[in-house]
Structures are given as C-alpha cells and as structure tokens.
Amino acid sequence: MRVSPQDVSVVALLADPDAPTKIAQRMAQTLPTRLADKSGQRRRFEVEVVSEPFTSGTEDPPTLMRRIMDRGRAENWDIVVALTDLPLHSHGRKLVVDLSHEHGLALLSLPSLGGLRLQTRARRAVEEAVLGLAGPRATGPQGPPRGQPRLGPFVSRLAPIHAAPVGEEETADLRYVVSGPRGYLRVLVGMVRANQPWRLVPGLSKALAAALATGAVATVNSTIWSLADSLSAPRLVIAMVGSVALMIGWLIVDAQLWHRSAEVSREARQRARLYNASTVVTVGIGVLVCYGGLIVVNMVWALFILNDRVFASITRTPLHPAEYWTLSWFVASVATVGGALGSGLESDEAIRAAAYSKREQERRHMVQDDDGD
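Residues numbered from 1 in each chain as written. Predicted model: local features only at pLDDT ≥ 70, side-chain atom pairs only at ≥ 80, totals over all residues. Heavy atoms only, no water.

Novice: Help me understand the side chain of H101, please; the structure alone is not making it clear to me.
Specialist: Inspection of the secondary structure puts H101 in the loop between β5 (93-100) and β6 (105-109). Look at H101 and you get buried, because its relative accessible area is 1%. Reaching out from H101, the side chain makes a polar contact with the side chain of D173 at a distance of 2.8 Å. (Helix = DSSP H or I, 4+ residues; strand = E, 2+ residues; numbered from the N terminus. Buried < 20%, exposed > 50% of the residue type's maximum accessible area, 1.4 Å probe, protein only. Polar contact = N/O pair within 3.5 Å; in protein donor to acceptor, adjacent residues only side chain to side chain.)

Novice: Got a minute to help me understand the nonpolar core in this structure?
Specialist: Among soluble globular proteins, nonpolar side chains are generally buried collectively. Formed by 59 residues in total, the largest nonpolar core has its most connected members in L13, I68, L107, L108 and V126. Examining the composition of this core, we find that seven residues originate from one element, helix α4 (residues 118-133), more than from any other. Once you skip the residues sitting within four places of it in the chain, V126 turns out to touch L13, M27, L31, V81, L83 and L108. With 34 residues, the next largest nonpolar core counts W225, I295, L306 and F330 among its residues. (Core = buried A, V, L, I, M, F, W, Y, C linked by side-chain atoms within 4.5 Å. Contact = heavy atoms within 4.5 Å.)

Novice: Help me understand helix α3 (residues 61-75), please; the structure alone is not making it clear to me.
Specialist: Note that an α-helix has 3.6 residues per turn; residues three or four places apart therefore point the same way. Taking 1.5 Å per residue, 15 residues should reach 21 Å; α3 reaches 21 Å between its end C-alpha atoms and fits that length. Of the positions making up α3, those classed as buried are P61, P62, L64, M65, I68, M69 and G72. All buried residues of α3 lie within an arc of 160° about the axis, which places them on one face of the element. The secondary structure elements touched by the buried residues of α3 are β1 (8-15), β3 (79-84), β4 (89-90), β5 and β6. (Expected span 1.5 Å × (residues − 1). Arc of directions from axis to C-beta.)

Novice: What's the story with the environment of P62 in this structure? I'm lost.
Specialist: Its location among the elements puts P62 in helix α3. With 110 residues separating them along the chain, P62 and A172 place their C-alpha atoms 7.5 Å apart.

Novice: Honestly, helix α8 (residues 205-219) in this entry has me stumped. Any pointers?
Specialist: The terminal C-alpha atoms of α8, which comprises 15 residues, lie 21 Å apart, in line with the 21 Å expected from a rise of 1.5 Å per residue. Taken as a whole, α8 has its buried residues at A207, A211, G215, A218 and T219. Seen end-on, α8 carries its buried residues on one side only, within an arc spanning 95°.

Novice: Which parts of the structure should I look at to understand the UniProt feature "transmembrane region" (unreviewed entry) in the chain?
Specialist: Residues annotated by UniProt as "transmembrane region" (unreviewed entry) correspond here to residues 233-253, 274-304 and 324-342. Helix makes up 100% of residues 233-253 and strand makes up 0%, while its end C-alpha atoms are separated by 30 Å. Note that residues 274-304 is 100% helix and 0% strand, and that its end C-alpha atoms are spaced 45 Å apart. (UniProt positions renumbered as here; feature names shortened; annotations may be inferred.)

The structure is reproduced here in structure tokens:
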C-alpha cells in the first residue's frame, strides 16, 4: 500500500450492506477530525465508505482478511477497516477484531460489541484500530510493532474483550475476542439488534389481521367471559406463555427459519446455536410486541362494546376495571393462537425479512441457489 504525501492517510471503511454501511456512513462524518485530533502528529485522514458484501460465501476470518488485503491493494488505500454484522468465530471464540499492522488492515465484527450504544462503541473501536494501524508498521510477520499495547482502552471499555493468539500463517498479527457466558450474551444481543425485531410487526400484517378478528369475536362471546372470569392469574400466565410459544414455534417452522449446518466442526455448531438463539429471541420480541398491541386493542374494544348488566348476568361478577383487564388479557392469548394460523398466509420472504438481517437473507439465498444447482 502507498504512503500518502503530506502526512495524509486514506482510510477506507469497507462495510457490508445494510446496518454496517449505515454505521460507517454516520461515523465517517466526524471520523477524519477525531482521528486528526487524537493522532497528535499533524496528520490528516481522508475517510472513504465503500459498501459491498465482502463476506459473501464465507465466515472464515483468515479468508476475509485476505479478501480485505487484496481489496486494499487494488484501491491503493493506506488503511482498510472492514465492518460486518456477521458473528465471526476463531478457534471456538467470538471474534471482535482482527488487526494486521503489516498491511494496515482491520476486520471488525459488530455483534461482538453488543446491542447498546452500538454506534459509539463501533466508532471507538474504529478510531483505536486506525490510530494503531497508522503508527509504525511492523517490518515482517512477527506481529505488531514494539510498543503497540496488547490490551488498551478498546479492551477496557468493552470488557470482557481480551487478546487471543493468532496463527503463524494468518494475515492478522493481533486479535481480540470475547469468551464465556458474558461474551456469548454480548454477541447474542448484538445479533438480535442487527435482526431488528420491530420489522416483524409489519411483516405479519395478515397474521395480525387474523388475530384482531379473532379477538373482536372472542370479546363478545359469553363463554369467553365465563372462562376469563374463572381463570386465576397463574393460569392466565400459562395461557399467555403457551400462545406466544405456539406463535413463535409456528413462525420458525412455517418459514423454515431454523438454521441447520451441514458442517460438524465446533465453530459450525456454535454458529448454528447463535443463529437459532437470535432467531428465537428476535421472533419472540416481535410476537410479544404484537401480543401487547392485542391487549390494548382488546381493552379499547371491550370498553366500547361490553354492557355491565349483561356481563354481570352471565358471570355473576360486576364489570370492574379488573374484569376488563382479565378479559383483554385472556382474549389476547386466544387471538394469538388465531394469529398463528393466520401467519401461514404470509410469504416466507416477509417473515425472513423481519427475522433476519439482510446478510442472513443473502447467505440463505446463496445456499438455496447452490442447492438448486
């Protein structure tokens, strides 16, 4: 890679489409100034954002680092920082970032930063990676230059991130990973955020219509009144959990969202567990949002339509706020079951768009195309 004249370093943010590209574009607005201020060497930085699916077809960090290196050489960039929303693994651990000081490369896996304050955490990670790579380069494959901190501010801010060994044949010379239950939870939360659970609600418009219709009919059904009035709080909770679990299971099975890996390696099994856990949590959040909406709609409908005299004559209980709440809660469970049946009317694409990030969709389409060939 070239050395820019007049102490100007060209930094390329190579980002996967969708969320990584948006994060890169936002940080690029202030990154040159922040890097120049922090470098303290009268150095200027030019930042370019390149959006392309550089992870297509592989999740192997060494392969991705070689791709990034070839891309950087072709464009003559000084430093390349690649951002992906895929959870990457290295020797059974969740990868956060790979660094190559010799070639000026960094590969950052965004889910490992967690789901909270992602933009800020990603900006800090990119800043520290660029500043580290912009320093004196190593003259060979022996590793990072002397004086390069192996555990710096990047790690202390984002604990439990720590350094990990790198293979001799790999392009990277410094690697940070997360491990243990906290690390697993951090990656899982990051994956769920990338999946954007709120997209599930508009993706289930027909299922919601079926649930609303079921709830409207159930609210004026005297048998439902008697059942709701006779159920205790634990049974109402059981009905809620059962209906939500049924909806989640039906969506995953009907849209074929369960990830099955053809590989038998440890890392393939870890990826499968992470993908399936993130799918269950993502769909679960979406379904719970729908469930809460059903309770509100049912409450409004009950307040408008129910007659206290008729209700009391059938249930032997006056129609008080507690009865409105109990009825709306129970009807939401009944309606959710009806919505699960209605979700069969949705297209697989609508469900997958809500439950998976675009990178997940692209990978699934690639697998389907390969199977078809």
